[in-house]
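Results of the structural survey
Chain by chain, the residues:
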Amino acid sequence: MIASTGSSGLYKAPLSKGLLLIPSFLSIVLTFLFQHQQELFLYNIKAIKEDFHIWKLISGRIICLDLKDTFCSSLLIYNFRTLERRFGSRKFTSFLLVTWTLSAVFDFLLVEALQFISGTTLTTLPSGFLAPVFSLFVPFYCSIPRVQLAEILGLFPITNKTLVYIVGLQLLTSSPYMLVVALSGLISGLCYTWDVLNVRQILCIPRWLADFFSRRLEPIFSSVEPVSEARVGMGATVDIQRQQRIELLDQQFMLSQLEHLGRRRPQQAGMLNWNRLFQPLRHRNFGNQAEPQDPSPATSEEHVAQLMEMGFSRADVLYALRASNNDVNVATNFLLQR
């Protein structure tokens, strides 16, 4: 299910909601009420290297000191909320933890490389939770379907991703040295995607810790499930209507991919027919279905656990995995559309 707008747009994305509210609030408070305390949150590379102020690696990489950076990064986090729905909050948190940690290393490597190549010495870098935001462009580019909406002069396509890239470009140009942070974040995102040096397992959020925060903090930042009328109704403003149209096209594109893949799969003895099964599944009330007693031999318990972490019930997950021949990506897309 893809929510449309408002608070329902953050449904099943509690971490994204927290990243939108808390850092933005602290950034505004520091800007207007505690300007003298901004020094504590300055990302000072020189102080870290020469004075061993290691704590600045944390404080300097959490809160933006420029309101324009706060605004742009908040817009990007809101648009990247779809990734949290796809990954699940635990995997999404692990991704941000890995990229936030790796980007701290790459920041220093890039600063040293810049000094070696051009002789430019950087003492500070833009503050805030910026490198992980740039790292999210990697899975956004790879996993979010591209839906063309219009063309400019018949040459330049406008897609559902265009605005996100424009906001990212605006954030990139907000500071002369933002390029260092952006490169650091993109490299970190690639390292996670390619699982360089087994970083996914080394810096993965433990299940017990994820369960603890899920019980304690998720109720605070959770959003109500959007009602069905919200998905078919017309938005009150042009911007809301445009967002609804983009998400509807995205949903239709994913469903067409599912149907196309179902037609391409060869019929096998003992396997369920894709086109025969998915049509009733779309109209089936999953909440009233009894959980299957025994998963089919082709169903991977690892995939079941992975999808259940995203908030789906075991019954829903088993139906989707069986119908997709245990293809976790296709099953994920279907579960998100129901």
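The residue count restarts for each chain, going from 1 along the sequence in the order it is written. Since the coordinates come from a predicted model, pLDDT governs what is reported: local features require at least 70, and pairs of side-chain atoms require 80 or more to be given and counted, while whole-chain, interface and lining totals use all residues. With hydrogens and water excluded, all non-hydrogen atoms of the structure serve as input to the side-chain values.

- The name given to the protein chain in an unreviewed UniProt entry is UBA domain-containing protein, with Xenopus laevis as the source organism.

Regarding unusual backbone geometry
- Positioned with a positive phi, phenylalanine 52 is a non-glycine residue whose angle comes to about 55 degrees.
- Position of phenylalanine 52 relative to the elements: it lies in the loop between helix 2 (45-50) and helix 3 (56-59).
- In the Ramachandran plot, aspartate 195 falls in the positive-phi region, its phi being about 55 degrees despite a non-glycine side chain.
- Note on placement: aspartate 195 falls in the loop between helix 10 (178-193) and helix 11 (199-202).
- Each residue is placed in one exposure class: buried if its accessible area under a 1.4 Å probe, protein chains only, is under 20% of its type's maximum, exposed if it is over 50%, and partly exposed if it falls in between. Here aspartate 195 falls in the partly exposed class, since its relative accessible area comes to 24%. A run of H or I in DSSP becomes a helix once it reaches four residues, and a run of E becomes a strand once it reaches two; helices and strands are each numbered from the N terminus.

Re the packing of helix 17 (residues 301-308) against helix 18 (residues 314-323)
- For the pair helix 17 and helix 18, the least separation of the axes is 9 Å and the interaxial angle reads 130 degrees. Accordingly, the angle class assigned to the pair helix 17 and helix 18 is oblique. Between helix 17 and helix 18 lies a crossing of right-handed hand. Along the contact surface, helix 17 presents Glu301, His303, Val304, Leu307 and Met308, while helix 18 presents Arg314, Val317, Leu318 and Leu321.
- Of the residues contributing to the contact of helix 17 with helix 18, the split by class is six nonpolar, one polar and two charged. To get an axis, fit a line to the C-alpha atoms, keeping to the stretch in contact for a helix; angles then go from 0 to 180 degrees between the N-to-C directions. For classification, angles of less than 35 degrees are called roughly parallel, those exceeding 145 degrees roughly antiparallel, those between 65 and 115 degrees roughly perpendicular, and all remaining angles oblique. Less than a right angle of anticlockwise turn of the near helix away from the far helix marks a crossing as left-handed, whereas a clockwise turn marks it as right-handed. Should any heavy atoms of two residues lie within 4.5 Å, those residues are counted as being in contact. As a working rule, the residues Ala, Val, Leu, Ile, Met, Phe, Trp, Tyr, Cys and Pro are called nonpolar, Asp, Glu, Lys and Arg charged, and the rest polar, with Gly in that last group.

Here we look at the pattern of salt bridges
- Definition used for salt bridges: Asp or Glu carboxyl oxygen within 4 Å of a side-chain nitrogen of Lys or Arg. A full pass over the atoms with the stated rule returns two salt bridges.
- Between lysine 49 and glutamate 112 there is a salt bridge, with the nearest N and O atoms lying 2.9 Å from each other. Taken together, the residues span a long stretch of sequence, with lysine 49 in helix 2 and glutamate 112 in helix 6 (residues 89-118) at a distance of 63 residues.
- The residue arginine 61 makes a salt bridge to aspartate 107 at a minimum N-O spacing of 3.8 Å. Taken together, the residues span a long stretch of sequence, with arginine 61 in the loop between helix 3 and helix 4 (67-79) and aspartate 107 in helix 6 at a distance of 46 residues. Like aspartate 107, arginine 61 is buried.

Remarks on the side chain of serine 103
- Topologically, serine 103 is positioned in helix 6.
- A residue is classified by how much of its surface remains accessible, and serine 103, at 0% relative accessible area, is buried.
- Here a polar contact is recorded for every N or O atom pair within 3.5 Å, except that within protein the pair must consist of a potential hydrogen donor and a potential acceptor, and residues adjacent in sequence are included only if both atoms are side-chain atoms. A distance of 2.8 Å separates a polar atom in the side chain of serine 103 from the backbone oxygen of threonine 99.

Quick look at the confidence of the model for the protein chain
- Looking at any residue, its pLDDT shows the predictor's confidence there, from 0 to 100. On average, residues of the protein chain score 79 in pLDDT, and 75% of them are at 70 or above.
- Of all helices and strands in the protein chain, the one with the weakest mean pLDDT is helix 16 (residues 274-283) (42), whereas helix 7 (residues 131-135) scores best (97).
- Overall, residues 1-7 carries pLDDT values under 50, and its contacts beyond four positions in sequence, including any with other chains, amount to 33 contacts.
- Here residues 228-235 is a poorly scored stretch, pLDDT under 50, and it has eleven contacts once near neighbours within four places are set aside; other chains count.

Some words on the pairing of strand 3 (residues 148-152)
- Strands pair, by our definition, only if DSSP identifies at least two bridges between them. Here strand 3 runs beside strand 4 (residues 156-159); their pairing, made up of four bridges, is antiparallel. Paired with glutamate 151 across the two strands is proline 157, which belongs to strand 4.

Considerations on the UniProt feature "transmembrane region" (unreviewed entry) in the protein chain
- UniProt positions are given in the numbering used here, feature names are shortened, and annotations may be inferred rather than shown by experiment. If you check UniProt for "transmembrane region" (unreviewed entry), the listed places come out as residues 15-34, 95-117, 123-142, 149-171 and 177-197 in our numbering.
- Spanning residues 95-117, this segment combines 100% helix with 0% strand, and its end C-alpha atoms are found 31 Å apart.
- Annotated as 76% helix and 0% strand, the span residues 177-197 places its first and last C-alpha atoms 28 Å apart.

Section: the nonpolar core
- By size, the foremost hydrophobic cluster in this structure holds 45 residues, and its most contacted members are Leu76, Phe80 and Leu125.
- Among the elements that make up this core, the one with the highest residue count is helix 6 (ten residues).
- Once you skip the residues sitting within four places of it in the chain, leucine 76 turns out to touch Val133, Phe137, Val164, Val167, Gly168 and Leu171.
- What we call a nonpolar core is a set of buried Ala, Val, Leu, Ile, Met, Phe, Trp, Tyr and Cys residues that are connected through their side-chain atoms within 4.5 Å. Counting 13 residues, the second-largest nonpolar core is a separate cluster that includes Val304, Leu307, Val317 and Leu321.

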